[in-house]
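Structural overview for review
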Amino acid sequence: MTVTAPAAEPRAGSASARVPAGQDIVFNPLDPAFRADPYPVYARLRRDAPILRTKGTLILSRYEDVLAVMRSRKFSVRLIPDTVVKQAARLRFEDYGQMLRFLQTSIVFTDNPEHMRLRRLVNQAYSNEAITALLPVLTDRIERLLATHAARGGCDIMADIAVPLPIDILCDWMAVDDEARPGIAEKVHAVRYLLDPGMMNRSAFQKAASSMRELTGYFGEHAARIRKSGKDTIIARLCEAQVDGAGLTEEEIAFACVMSFVAGTETTQCLIGNLVDAILDHREKFEALGDDPASIRSAIEEVTRYETPLQFTKRLAVEDCTVGGIDISAGEQILLCLGSANRDGEVFEAPDELRFDRKGTAHIGFGFGMHSCLGALLARVQGDAFLKVLLNGYGDFERVDPERRWQANSLILRGPERLDIRFSSQRGTA
């Protein structure tokens, strides 16, 4: 989406002004300059075009406006499945039936009452207790990864740690055999493109369809094995979950496993990369955290606000309504700029500064309400464990390449494409 437009009329009572003649805003999330630093564009949107309509899409960039839409039940999350159908038709790709069922029956893209049914069932597996129980395995994996790469003098944080860690943790949680793991990451990445359907070409659809078949087939069979084994895994909990005497179907269980990877890996990968990138720029602030759990948690939340892994989410208006003073028509698409909302100076003091002692309004980096990110808790737990191990056992962090490279495979995600660093173990030193 490329937008070159003057501002819409500001709402009554707003201090926002129209964009002066000759100074139109260019909003293109695919622009390399925007990828490198979207925040000047976000600032102009909030100031000069907070309510921007173009090509059937309403773009909202201020915190209060974004939050108002996410809070309202007058908007649907089915826009992504609908866009997949339209994009497939445009490309004359017909083999999308299973992928569409996957999206339409996912907790991420369903509205009530179906969403509530799925949420009540899936939450029985994704409980705080179950995720917290992963900590020993998670910490051990992080310890081994960091020790290995510290002994080598450094690594690419993304390829060597951030990418494999969340995949391996979910595989651990689901008791996936070692021999089945190598292909899962590649297939999950192919399926994840369904969350960015506008970026998909015919080849991407073909890869997503074949990957979806293989992943669903594997997890369907794996769930049957887990039932017989009696192992306490997330899959076993999904199989056992019941609400009013009814549980998930076999296909829904397989789909839930796949969505766990789709929603719970790349966001976490970006969070870990953004944490390390922040450490390289703000070492003293991170060193001051020590091993205080509350301070570590505050750092995770602040980095999530400061460099939001999930930059955008979309909604579809299901009826004519007025939300946050904005008149919205039924059928209108809304692009919610989470990355901009989290830098809104009307809500956050000194929003472009990283402040671990920040109080007050919570960020919306993982969404809000019933459609908040499915993998948010797991992402936070992994970020927390990673930061504790890294700060308490390693140091001498040094950026190898001064030029940052941000990922360009996704419109909605923000994180390093690669992040080469040097670091060393501090254990056993005075």
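Residues numbered from 1 in each chain as written. Predicted model: local features only at pLDDT ≥ 70, side-chain atom pairs only at ≥ 80, totals over all residues. Heavy atoms only, no water.

With that out of the way, let us pick up the overall build of the protein chain. Each helix and strand counted, the protein chain has 19 helices and 14 strands in total. For 430 residues, the compact-globule formula gives about 22 Å, and the C-alpha radius of gyration of the protein chain, at 22 Å, lands near that figure. The dimensions of the protein chain, computed from C-alpha atoms along their principal axes, are 60 × 55 × 40 Å. In the protein chain, once contacts between residues fewer than 6 apart in sequence are set aside, the share between residues at least 24 apart is 74%. Within the protein chain, one finds 53 positive and 59 negative side-chain charges whose respective centroids are separated by 3 Å. (Helix = DSSP H or I, 4+ residues; strand = E, 2+ residues; numbered from the N terminus. Rg over C-alpha atoms; globule rule 2.2 N^0.38 Å. Contact = heavy atoms within 4.5 Å. Lys, Arg positive; Asp, Glu negative; His and termini not counted. Charge placed at Lys NZ, Arg CZ, Asp CG, Glu CD.)

Turning next to the sheet that holds strand β4 (residues 57-60). Read across the sheet, five strands follow the order β3-β4-β10-β7-β5 without closing on themselves; strand pairing throughout is mixed. On the outer flanks of this sheet lie β3 (51-54) and β5 (75-76), each paired with one strand and no other. With four bridges connecting them, β4 and strand β10 (residues 333-337) associate as parallel partners. Across the sheet, residue Leu60 finds its bridge partner in β10, namely Leu336. (Pairing = 2+ DSSP bridges.)

What the rule picks out here adds up to 33 salt bridges. For Glu349, the salt bridge goes to Arg355, with nearest N and O atoms at 3.8 Å. In this structure Glu349 comes out as exposed when scored by relative accessible area, which is 60%. Counted as one network, the salt bridges with shared partners bring together Arg141, Asp168, Asp172, Asp178 and Arg181. (Salt bridge = Lys/Arg side-chain N within 4 Å of Asp/Glu carboxyl O. Buried < 20%, exposed > 50% of the residue type's maximum accessible area, 1.4 Å probe, protein only.)

All right, on to helix α12 (residues 202-229) then. The end-to-end C-alpha distance of α12 is 40 Å, a good match for the 40 Å that 28 residues give at a rise of 1.5 Å each. The opening residue of α12, the one whose side-chain oxygen lies 3.2 Å from the backbone nitrogen of Ser203, is Asn201. With its phi angle positive at about 80°, Gly230 sits one or two positions after the end of α12. (Expected span 1.5 Å × (residues − 1). Polar contact = N/O pair within 3.5 Å; in protein donor to acceptor, adjacent residues only side chain to side chain.)

Once that is clear, we can look at the packing of aromatic side chains. For the structure shown, the criterion picks out 14 aromatic pairs. For the ring pair Phe27 and Phe312, a centre distance of 6.3 Å and an interplane angle of 80° mean the geometry is edge-to-face. A residue pair is termed long-range when its members are at least 10 positions apart, and Phe27 in strand β2 (residues 25-27) and Phe312 in strand β7 (residues 312-317) qualify at 285 residues. A relative accessible area of 4% places Phe312 in the buried class. Both rings, one in Tyr42 and one in Phe312, keep their centres 6.4 Å apart while their planes meet at 75°; by these two values the pair is edge-to-face. Of the two residues, Tyr42 is situated in helix α2 (residues 39-48) and Phe312 in strand β7; the sequence distance between them amounts to 270 residues. Take Tyr42: its relative accessible area is 0%, and that puts it in the buried class. Aromatic ring contacts, followed pair by pair, group Phe27, Phe34, Tyr39, Tyr42 and Phe312 into a single cluster. (Phe/Tyr/Trp six-rings, centres within 6.5 Å; stacked < 30°, edge-to-face > 60°.)

For the rest of this paragraph, the subject is the pairing of β3. Pairing between β3 and β4: four bridges, direction antiparallel. Bridge pairing in β4 links Thr54 to Thr57. Count of turn residues in the β3/β4 antiparallel hairpin: two residues, of which Lys55 carries a positive phi of about 50°.

A word on the packing of helix α8 (residues 135-151) against helix α19 (residues 376-393). Contact pair α8 / α19: the axes reach a minimum separation of 10 Å and the direction vectors enclose 45°. The angle between α8 and α19 falls in the class oblique. Between α8 and α19 lies a crossing whose hand is right-handed. Together, Leu135, Leu138, Thr139, Ile142, Glu143 and Leu146 of α8 and Val381, Gln382, Ala385, Phe386, Val389 and Leu390 of α19 make up the contact between the two elements. Partitioning the contact of α8 with α19 into residue classes produces nine nonpolar, two polar and one charged. (Axes fitted to C-alpha atoms, helices over the stretch in contact; angles between N-to-C directions. Parallel < 35°, antiparallel > 145°, perpendicular 65-115°, else oblique. Left-handed = near helix turned anticlockwise from the far one by under 90°. Nonpolar A, V, L, I, M, F, W, Y, C, P; charged D, E, K, R; others polar.)

Moving on: the sheet that holds strand β6 (residues 154-156). Taking strand neighbours across the sheet as the criterion, the three strands line up as β6-β14-β11 in an open arrangement whose pairing is antiparallel. For this open sheet the edge positions go to β6 and β11 (394-399), each flanked by a neighbour on one side alone. Put simply, the sheet's adjacent strands are angled 25° from each other on average, direction ignored. Alignment of β6 against strand β14 (residues 420-425), held across three bridges, turns out to be antiparallel. Bridge pairing in β14 links Cys155 to Ile421. Together, β6, β11 and β14 form the strand contacts of α8, whose direction differs from that of β14 by roughly 100°. Contacting β11 and β14, α19 crosses the sheet at an angle of about 100° to β11.

Worth remembering: the numbers are spatial, not functional.
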